[in-house]
Amino acid sequence: MFGNLFEEDYSSVPNTQYGKGKKLKTKALEPPTPREFTNLSGIRNQGGTCYLNSLLQTLHFTPEFREALFSLGPEELGSLECKEKTDAKIRIIPLQLQRLFAQLLLLDQEAASTTDLTDSFGWTSNEEMRQHDVQELNRILFSALETSLVGTSGHDIINRLYHGTIVNQIVCKECGNISEKQEDFLDLTVAVKNISGLEDALWNMYVEEEVFDYDNLYHCGTCDRLVKAAKLAKLRKLPPFLTISLLRFNFDFVKCERYKETSCYTFPLRINLRPFCEQSESDDSEYIYDLFSVIIHKGGCYGGHYHVYIKDVDHLGNWQFQEEKSKSYVNLEDLQNEEEIEDPLMILKAILLQEESNLIAVDQLGQKLLKKLGTSWNKKYRKQYGTLRKFLRLHSQIFLLSSDENTVSLLKNCSLEPKLDFQRNDQIFKTHTSEALELNDNTSCPHWFDINDSKVQPIKEKDIEQQFQGKESAYMLFYRKSQLQRPSEARGNPRYRVPCHLLNEMDAANIELRIKRAEYDSANNNFQLRLHLSTHYHFFNGALHPIVSQPESVWDLTFDKRKTLGELRQSIFQLLEFWEGDMVLSVAKLVPAGLHIYQTLDRDELTLCEIEIADGEDIFVWNGVEVGGVQIQTGIDCEPLLLNILYLATSSEREECQQLVECPYVFPSNAKVGTVFTAFTVPVGIILIKNAESSGDKGWTAIPMEDMNKTFREQGLKNGSLILIQNSNDQSLLTKQEKWITSTNEINWLQVKNLCQLESEEKQVKISASINTVVFDIRIKAIKELKLMKELAENSCLRPIDRNGKLLCPVPDNYTLKEAELKMGSSLGLCLGKAPTSTQLFLFFTTGSDVQPGTEMEIIVEETTSVRDCLKIMLEKSGTPGDMWHLRKMDWCYETGEPLCEEDATLKELMICSGDTLVLIEGKLPTTGFLKVPIWWYQPQVPSGHWKSHVDQKSCAVSPGTAQTAPSTQGAPGNVHEEIALHYLGDVEISEDAALVDLKFQVMTLPSFSEIVGPSPSFLRAWTVENRHPGRLLRNPQQQLREYKLGRRTEVCFEPLHKEESLGPKDLLLRAQLRIPSERAYSLSVDLVWDTAKGCTAASLRQRVADFCSLPVEKIEIAKYFPEKFEWLLISSQNQQITKRKKKKKQENLQGAPYYLKDGDIIGIKNLLVEEDDDFSTIRDDIGKEKQKQLALGKKKSREAHRVHNSDVSSVLDTAARPHRPEESLSIRVGSFR
């Protein structure tokens, strides 16, 4: 996208350079990655161009299209070199397509760029980041190409390869006259909804006839009268390449939203189109087409990602599948030098093979792994593989765990092959062909690839079936005639038919790429080493120091890190001609105390990469024993620490001075803290330590006498730490500034309470710890200090206690405090029972929906336990009788959430975690295919003639029979402004295949319904319940409940009618209210049915209202009421849009913005004969708006107050839910060549 804006010149670095002083190295920009094993090139995504990449790859793998484009030379298209000339007529789009196809064929890079091509489209960076529809792009790109190629020999490329015709015919049943109309197409669009596959869709389009009869007769021109007729369509001319677009995106008029059709939709690899074409004498082979490309869309209707499955017709790619070599045996010593240590299976097998008895404790196995790798299992492998015991358990075909999971051994039947000499990233390729074929004979085996932007992977033909359905499914299909045969010289030859000027350009580009890669490889693999010669150093004050100045003691060496340690040693020998005796190379590091040697380098056959030598590493050159006659200790254990020692200075008469003296001193890290007294020849007293990070007079900690034998490293001392030596008789020292330095009470402990229901001398103890302390150690220390029985070590656990005193989930013993997310100073409870293992879940559960924190019961189950079995265990433990129960999960705000409907699913599959709370709710879940629907009674008004309800609202409890009242959102006297009352009748369990009328019959059998007088189900109107209000109207009584898409949590309310009604699919049910003059109020609402079949416009609605009120249409005004805003929006026939291009009036659809008219909406009617003002509001509207204004003002003040404390949180609160970004039109700008 940014071109060469940030590119730099590639700099070459010599292989070996010597000299003094540090040299500045220029980091070369990495050249494009070469092609992977498939030998095919992908296309880089510019941010949102995956749809473009998929279509371009399809065109590229259409050889006939590619070669037709290549046949156009510079004499017809012009040259890219002339594109900057203002008077040049350059056909830029086909030229850039030619260049891109040549790069995809010949340029050795993993992915090509489409930046130049999209620039030729006239796209900006914004358009390249925007997602579009690939079907739309296909038509626009073909149109742009046709326009670009006007006046050239390639003007008919698109027409010749993709153009077909359809004929639509109407046949008169009386005279047989045929009226026909021919249509052209570049792609066929087929339906997906309610259709099983492509062949069924084509059958419906080109085989099935539409019959005109009865009320829908056809006027025949020959007969000159209305007659019966049949309408049909056929394919008249088939193109060589057939493009089929699948209509996966539809609009749900009930929910008023778009959705993606993800149902199963099959399509064949080979299709015979003869049944769908006009009859002819052509051979069947003329109608056989083979699938060669499938563009796939993953995601929803508002966004997603495209990639493409493509058949390699010319066998240009390497259709092979990678497989790792089997590594069933490995030697432990080899693992030190190879990166197979990333595979824990080989590590553990190698350790067990070295055990004579082939049996080892699991804890000991972890220790040996720590010793071998220098890092623990938890730190290196746990995040990816889980705990060590879980890993051993999952590989039961290799490892045998004891019943208590404390010991492990290798199975005897575990295959152990001789040691393999393998190398890092060694792989073999196995070609998948049929057994009857040789490896290189792939003629009958189609080569398919998945091209996903930059990545190209081989796939098998059967993988295409996975794209029949789901969120990731086929979106466009491309077929080619089976008769189209490719010449033998094109097979496996990417240079076939590529113009000479493009061949030369690609060859030159490949040479340039090889040069740049070689330069980058050299620059990237050379690194700087700093050589420290022992002859220039002496040992002083615990570390090595240069005899002369530091710059003169260091030699800079630039060396290739791919070379071996032996080659490095040989190069240093040649550099230092004066060196005598053995030469030992060691890794050193400059620390505050001086230079310290850490690791001696051996095994000269290893490369510097393999022994992990870093750029800028300090290498100490010496004899491996002494420097200047002093024997040198090496390693991290004896790393010198530069500490600042504070002590009381004394006079010659041994009298103490009144000030502290600070003296820097170097100690080895593994020295004991007590050596401080010996080093400063002071009597044993009190030592206080303070880390360098602590500031001020705080942070001092006293070291107990029993810890004097601990090392400085064990005490956590670092370079720059302070040590204060104090007389044992003093509790503190007074400085000259009269400030007291005392030991601090920094929190480095956990409080453990005895909750084992066993008597002990102590109720709770404090256990000192750090963030890296293991929970097991804390538990054992707590048992000892609480003086409890040792048997508790095998049957106890630690559980965190929250601020409310509730015991939380037990913490596993093998966690550190950091891994368990336990803070210092927190409280833990020592409880009976083992902590759950890595495959178990610790769950809280309770009975009933009214849950109080702290009243839950506890249970430990396997994560593979099913919901049904978990329910049985919980019922048994709680002593709850009966089997009419189901489980629900408690959400984060302690409210009962969704039921766990899949009773056979495991807890792990439903993502139930340790610490979750499950709730036992009475009532059995409906079986699969059934709905459990809560039923409500809704009676907005009781005018004369309506049913009488005997439901006593005052006596209803919160149970069946409850009257739930929604807050009034309407604002005036009269029924419309009364509160909406919903009375709960009970639950109905019914099949999803049942019709709405069946639901009405079942509702009438409810006991609560017996109190309501009603004649039949046809006098009931059904609504869904949304936010305690009637929501969606369920209008068709014969429609199945499944088609209404009610869902498991949908509630339904029924409204009584005083007469039967039959609403059509286009009828809109509105609540009409006539405004009372001079009172700012409305009369009772009356149902108004409006037929929108002829248009849902303002003029049509005004005419319907005028007829309903028996008033002239010019003497009424109507408005829609928005109760949530307490506002009325005037509906006028003058509200029309005028398009800029044609200056024609465009009628508004009232079901769209800004009215969004739907069933149940309130329409206010004003009679202009008696009232002429434009005000539709009421008094209660004014009150409601004022309340909303005050509420918004209060929220604003609250947010401003919160922003002072937490700006991040307030920004989240202020941010509203973002609507979907409006779709942008796609266009390609083309110059005129006519």
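Residues numbered from 1 in each chain as written. Predicted model: local features only at pLDDT ≥ 70, side-chain atom pairs only at ≥ 80, totals over all residues. Heavy atoms only, no water.

S.K.: Help me get a handle on the confidence of the model for the protein chain, residues and values and all.
M.R.: Averaged over all residues, the pLDDT of the protein chain is 80; the fraction at 70 or higher stands at 80%. Counting interchain partners and residues more than four positions distant, the pLDDT-below-50 stretch residues 651-658 has 9 contacts. (pLDDT = per-residue confidence, 0-100. Contact = heavy atoms within 4.5 Å.)

S.K.: An account of the side chain of Thr1024 is needed here, citing residue identities and associated values.
M.R.: Note that Thr1024 resides in strand E53 (residues 1020-1026). Classification of Thr1024 by relative accessible area gives buried; the value is 3%. Side-chain polar atoms of Thr1024 contact the side chain of Glu1026, separated by 3.5 Å. (Helix = DSSP H or I, 4+ residues; strand = E, 2+ residues; numbered from the N terminus. Buried < 20%, exposed > 50% of the residue type's maximum accessible area, 1.4 Å probe, protein only. Polar contact = N/O pair within 3.5 Å; in protein donor to acceptor, adjacent residues only side chain to side chain.)

S.K.: Tell me about the sheet that holds strand E20 (residues 407-410), and name the residues and values.
M.R.: With antiparallel pairing, the 3 strands of this open sheet are ordered in space as E18-E20-E19. Looking at the sheet topology across the chains shown, the edges are occupied by strand E18 (359-361) and strand E19 (399-401). Going across the sheet, the axis of each strand differs from the next one's by a mean of 30°, ignoring polarity. When E18 meets E20, the two strands line up antiparallel, connected through 3 bridges. Each bridged residue has a counterpart across the sheet, and for Leu359 the counterpart in E20 is Ser409. Across the face of the sheet, helix H11 (residues 344-353) comes into contact with E18, E19 and E20 while running at roughly 90° to E20. The strands that helix H12 (residues 362-373) touches are E18, E19 and E20; relative to E18, the one it contacts most, it runs at about 90°. (Pairing = 2+ DSSP bridges. Axes fitted to C-alpha atoms, helices over the stretch in contact; angles between N-to-C directions.)

S.K.: Account for the sheet that holds strand E41 (residues 749-754), with residues named and values stated.
M.R.: Strand order in this open sheet of 4 strands is E42-E41-E44-E43, and the pairing throughout is mixed. Looking along the sheet, the strands with just one partner apiece sit at the ends: strand E42 (764-768) and strand E43 (796-800). For this sheet, the mean inter-axis angle between neighbouring strands, taken without regard to orientation, is 30°. Pairing of E41 with E42, which is carried by 5 bridges, proceeds in the antiparallel orientation. In the strand pairing of E42, Gln751 is matched with Lys766.

S.K.: So, the packing of helix H4 (residues 92-106) against helix H7 (residues 134-148): which residues are in play, and what are the values?
M.R.: Between H4 and H7, whose axes approach to 8 Å, the crossing angle comes to 115°. Viewed along their axes, H4 and H7 adopt a mutual orientation that is roughly perpendicular. Where H4 approaches H7, its residues Ile93, Pro94 and Leu97 are matched on the opposing element by Ala144, Leu145 and Ser148. Class assignment of the residues belonging to the contact of H4 with H7 gives a composition of 5 nonpolar, 1 polar and no charged. (Parallel < 35°, antiparallel > 145°, perpendicular 65-115°, else oblique. Nonpolar A, V, L, I, M, F, W, Y, C, P; charged D, E, K, R; others polar.)

S.K.: With reference to specific residues and values, describe the nonpolar core.
M.R.: In terms of nonpolar packing, the biggest core is built from 68 residues, with Phe65 and Ile1228 touching the most fellow members. Residue contributions to this core peak at 9 residues, all from H4. Setting aside its immediate chain neighbours within four residues, Phe65 contacts Leu59, Phe101, Leu145, Ile157, Ile158, Leu161 and Tyr162. Ile195, Ala201, Leu242 and Leu246 belong to the second largest nonpolar core, which has 35 residues in total. (Core = buried A, V, L, I, M, F, W, Y, C linked by side-chain atoms within 4.5 Å.)

S.K.: If you had to explain the environment of Asp582 to someone new, which residues and values would you point to?
M.R.: Mapped onto the secondary structure, Asp582 falls in the loop between helix H18 (565-575) and strand E29 (584-591). A C-alpha to C-alpha distance of 8.3 Å links Asp582 and Gly624, two positions 42 residues apart in sequence. Excluding anything up to four places from it in sequence, Asp582 contacts Trp622 and Asn623.

S.K.: Which residues make up the state of the cysteines, and what values go with them?
M.R.: Applying the stated criterion to the full structure yields 0 disulfides. Between Cys220, a free cysteine, and Cys223, which holds the nearest cysteine sulfur, the sulfur-to-sulfur gap is 3.7 Å. (Disulfide = S-S within 2.5 Å.)

S.K.: Can you tell me about the pattern of salt bridges, naming the residues and giving the values?
M.R.: Taken as a whole, this structure holds 48 salt bridges when the rule is applied. Among the ionic pairs, Glu856 bridges to Lys806, the shortest N-O distance being 3.4 Å. In this pair, Glu856 is assigned in the loop between strand E45 (840-847) and strand E46 (857-862) and Lys806 in the loop between E43 and strand E44 (827-832), connecting sequence segments 50 residues apart. On the basis of relative accessibility, which here comes to 18%, the residue Lys806 falls in the buried class. Here Arg1021 makes a salt bridge to Asp1087, at a shortest N to O gap of 3.0 Å. Here the residue Arg1021 occupies a position in strand E53, and Asp1087 occupies one in strand E58 (residues 1086-1091), the gap between them amounting to 66 residues. On the basis of relative accessibility, which here comes to 29%, the residue Asp1087 falls in the partly exposed class. (Salt bridge = Lys/Arg side-chain N within 4 Å of Asp/Glu carboxyl O.)

S.K.: Go over the environment of Lys781 with me, naming the residues and quoting the values.
M.R.: Looking at the element boundaries, Lys781 is found in helix H20 (residues 775-785). For Lys781, the contacting residues outside a window of four places in its chain are Ile767 and Ser768.

S.K.: Please give an account of H20 that cites residues and values.
M.R.: Val775, Ile778, Arg779, Ile780, Ala782 and Ile783 are the residues of H20 that are buried. Lys787 occupies a position one or two residues after H20 and carries a positive phi of about 55°.

S.K.: Before we move on, can you summarise the packing of aromatic side chains with the specific residues and values?
M.R.: If you walk through the whole model with that rule in mind, you get 24 aromatic pairs. A ring pair is formed by Phe267 and Phe468, whose centres lie 4.9 Å apart and whose planes are at 80°; its orientation type is edge-to-face. A residue pair is termed long-range when its members are at least 10 positions apart, and Phe267 in the loop between strand E13 (257-260) and strand E14 (270-272) and Phe468 in the loop between strand E23 (455-459) and strand E24 (472-481) qualify at 201 residues. With relative accessibility at 5%, the residue Phe267 sits in the buried group. When its relative accessible area of 15% is taken as the criterion, Phe468 is described as buried. When the ring of Tyr665 is compared with that of Phe667, the centres are 4.7 Å apart and the planes differ by 45°; the resulting orientation is tilted. In this structure an aromatic cluster arises from ring pairing among Phe65, Phe101, Phe142, Tyr162, Phe241, Phe292 and Phe478. In this structure, Lys563 packs its charged tip against the face of Phe559, placed 5.6 Å from the ring centre. (Phe/Tyr/Trp six-rings, centres within 6.5 Å; stacked < 30°, edge-to-face > 60°. Lys NZ or Arg CZ within 6 Å of the ring centre and 35° of its normal.)

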